[in-house]
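Chain residues, written in single-letter form:
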Amino acid sequence: MRIGLAVLALAALAPACGQGGTEVEPAGGQQRLEAPAARALDAYATTLRAAHAARVAAAQRWGLKRVPLTAPPPPAQKPRITTRDGFEVDGHRRLGLPPVFTTVPTKEKVVFLTIDDGAEKDPAFLRMMSELKIPYTAFLSDYLVKEDYGYFEKMRDGGAGLHNHTLHHPYLPALSHARQKREICGMQKVIEKRYGKRPVLFRPPYGNYNKATLRAAKACGIRYAPLWNAEVFADRWEYREWDRALHPGDIVLTHFRGREDWQGTMPDMVRRFLNKVTAEGYAVGRLEDYL
């Protein structure tokens, strides 16, 4: 694991620091390593070991088969996001409409977890994601979120991104441009008022949209319209691609659901998700870091 390798590397350096002296004799051509710097290095290594130990304990506590892999650092240069072939609307590029995509361009073995609507509000899910340090992005609809705005405030405080999934989750292509704009801009206002930040991501309900949808989204301040390439449930996976496999940069969809709708709970879904992606060598990244 990346953390484990960092700890080993730092631990290997630590014994080279002086024992009881104020400085360490350097190799030829190198600067001296002062004792305070050595102690700082050792403290950093200790912090990394403690963080990794906590992650191992959390993985065991939540019944994972393996400890989730640590995501690579966010790219210094963000990838160029374009609309997936076949997902364009007329005049998409000319009008500067938000790109619609299912995968983020990257060679890193990283996938992105996104969760829609807000129906289930399971406290165990929040604890699990916090203890495991798993990033995710939520696309919220107000008619469900308003049942407990505080739940999603905790989610935000835990580092999750909160974004737009309309006020009432309608089938947007059946609505006029004006009604679509009310649905999208209305949810923008709700999230900004309740959570302090206006979203730049929008996912149309059911993944359905038309030109009016994207025009309305742009007018409401939306910059990206991510869809998904795979979907995970508590008891199974579903895929968009014919190979039924994960790929670097794939966006994974799930929903806020519990036993009333699934054969399991939110933690069951997370367990299925993490067991698969970890076994296949993928880490979970934060979608917003790549946009």
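On a predicted model such as this, the values are computed, not experimentally measured, just so you know.

J.: Where do I start with the pairing of strand β4 (residues 110–117) in this structure?
T.: Taking burial as the measure, the 8 residues of β4 include 8 buried ones, the bulk of the element. Pairing geometry for β4 and strand β11 (residues 283–285), over 3 bridges, is parallel. Across the sheet, residue Val111 finds its bridge partner in β11, namely Val284. Bridging between β4 and strand β10 (residues 251–255) involves 5 bridges; their strand directions are parallel. Among the inter-strand pairings, Leu113 is bridged to a residue of β10, identified as Val252. In this structure, β4 lies alongside strand β5 (residues 137–140), joined through 4 bridges in parallel fashion. Counterpart to Asp117 in the pairing with β5 is Leu140. One crossover worth recording links β4 to the parallel β5 by way of helix α3 (residues 123–132), and it is right-handed.

J.: Explain the side chain of Arg203 here, please?
T.: Here Arg203 is to be found in the loop between α6 (177–195) and α7 (211–219). Since its relative accessible area comes to 0%, Arg203 is described here as buried. Reaching out from Arg203, the side chain makes a polar contact with the side chain of Asp116 at a distance of 2.9 Å. Looking at Arg203, its side chain comes within polar contact range of the main-chain oxygen of Pro226, at 3.1 Å.

J.: Just to check I follow, could you spell out the environment of Asn208 for this structure?
T.: Along the polypeptide, Asn208 turns up in the loop between α6 and α7. On a C-alpha basis, the gap between Asn208 and Tyr171 in space is 6.9 Å, while along the polypeptide they are 37 residues apart.

J.: I tried to follow the nonpolar core on my own but got confused; where do I start?
T.: General note: in soluble globular proteins, nonpolar side chains tend to be found buried as a group. Ranked by size, the top nonpolar core spans 48 residues in total, and within it Phe125, Met155 and Phe273 carry the most contacts. Not counting residues up to four positions away in its chain, the partners in contact with Phe125 are Ile115, Tyr136, Tyr151, Met155, Phe256, Met266, Pro267 and Val270. In this structure, Val89, Phe112, Tyr224 and Trp228 belong to the second largest nonpolar core, which totals 22 residues.

J.: Where do I start with α6 in this structure?
T.: Counting along an α-helix, one turn takes 3.6 residues, and residues three or four places apart therefore face a common direction. Relative to the 27 Å expected for 19 residues at 1.5 Å per residue, α6 spans 27 Å between its end C-alpha atoms, a close match to the ideal helical length. Within α6 the residues assigned to the buried category are Gln180, Glu183, Ile184, Cys185, Gly186, Met187, Gln188, Val190, Ile191 and Tyr195. With its phi angle positive at about 85 degrees, Gly196 sits one or two positions after the end of α6.

J.: How should I be thinking about α3 in this particular structure?
T.: Residues of α3 that are buried: Ala124, Phe125, Leu126, Met128, Met129 and Leu132. Of the surrounding secondary structure, the elements contacted by the buried residues of α3 are α2 (35–61), β4, α5 (149–157) and α8 (266–279).

J.: Please explain the packing of aromatic side chains as it appears in this structure.
T.: What describes a pair of aromatic rings is the distance from one ring centre to the other and the angle between the planes of the rings. For the structure shown, the criterion picks out 9 aromatic pairs. When the ring of Phe125 is compared with that of Tyr136, the centres are 5.3 Å apart and the planes differ by 70 degrees; the resulting orientation is edge-to-face. Placement of the pair is Phe125 in helix α3 and Tyr136 in the loop between α3 and β5, with a sequence separation of 11 residues. Of the two residues, Phe125 and Tyr136, neither departs from the other in class, the shared state being buried.

J.: Mind showing me how you'd approach the pattern of salt bridges here?
T.: In a structure, side chains of opposite charge can pair up when their charged atoms sit close to one another. With the rule as written, the count across this model stands at 14 salt bridges. Across the salt bridge formed by Asp235 and Arg236, the nearest N and O atoms sit 3.2 Å from each other. On the basis of relative accessibility, which here comes to 33%, the residue Asp235 falls in the partly exposed class. The shortest N-O distance in the salt bridge between Lys276 and Glu280 comes to 2.7 Å. Residue classification places Glu280 among the partly exposed residues on the basis of a relative accessible area of 31%.

J.: What am I meant to see in the state of the cysteines here?
T.: Think of a disulfide as a covalent bridge from one cysteine sulfur atom to another cysteine sulfur atom. The tally for this structure, following the rule as stated, stands at 1 disulfide. Covalent S-S linkage joins Cys185 and Cys220, the inter-sulfur distance amounting to 1.8 Å. Looking down the S-S bond of the Cys185 and Cys220 bridge, the torsion is -95 degrees, so its handedness is left-handed. Of this pair, Cys185 sits in helix α6 while Cys220 is found in the loop between α7 and β7 (225–226), placing the two residues 35 residues apart along the sequence. An identical accessibility class is assigned to Cys185 and Cys220; each is buried.

Calculation notes
Residues numbered from 1 in each chain as written. Predicted model: local features only at pLDDT ≥ 70, side-chain atom pairs only at ≥ 80, totals over all residues. Heavy atoms only, no water. Buried < 20%, exposed > 50% of the residue type's maximum accessible area, 1.4 Å probe, protein only. Helix = DSSP H or I, 4+ residues; strand = E, 2+ residues; numbered from the N terminus. Pairing = 2+ DSSP bridges. Right-handed = clockwise from strand over helix to strand, strands pointing away. Polar contact = N/O pair within 3.5 Å; in protein donor to acceptor, adjacent residues only side chain to side chain. Core = buried A, V, L, I, M, F, W, Y, C linked by side-chain atoms within 4.5 Å. Contact = heavy atoms within 4.5 Å. Expected span 1.5 Å × (residues − 1). Phe/Tyr/Trp six-rings, centres within 6.5 Å; stacked < 30°, edge-to-face > 60°. Salt bridge = Lys/Arg side-chain N within 4 Å of Asp/Glu carboxyl O. Disulfide = S-S within 2.5 Å.

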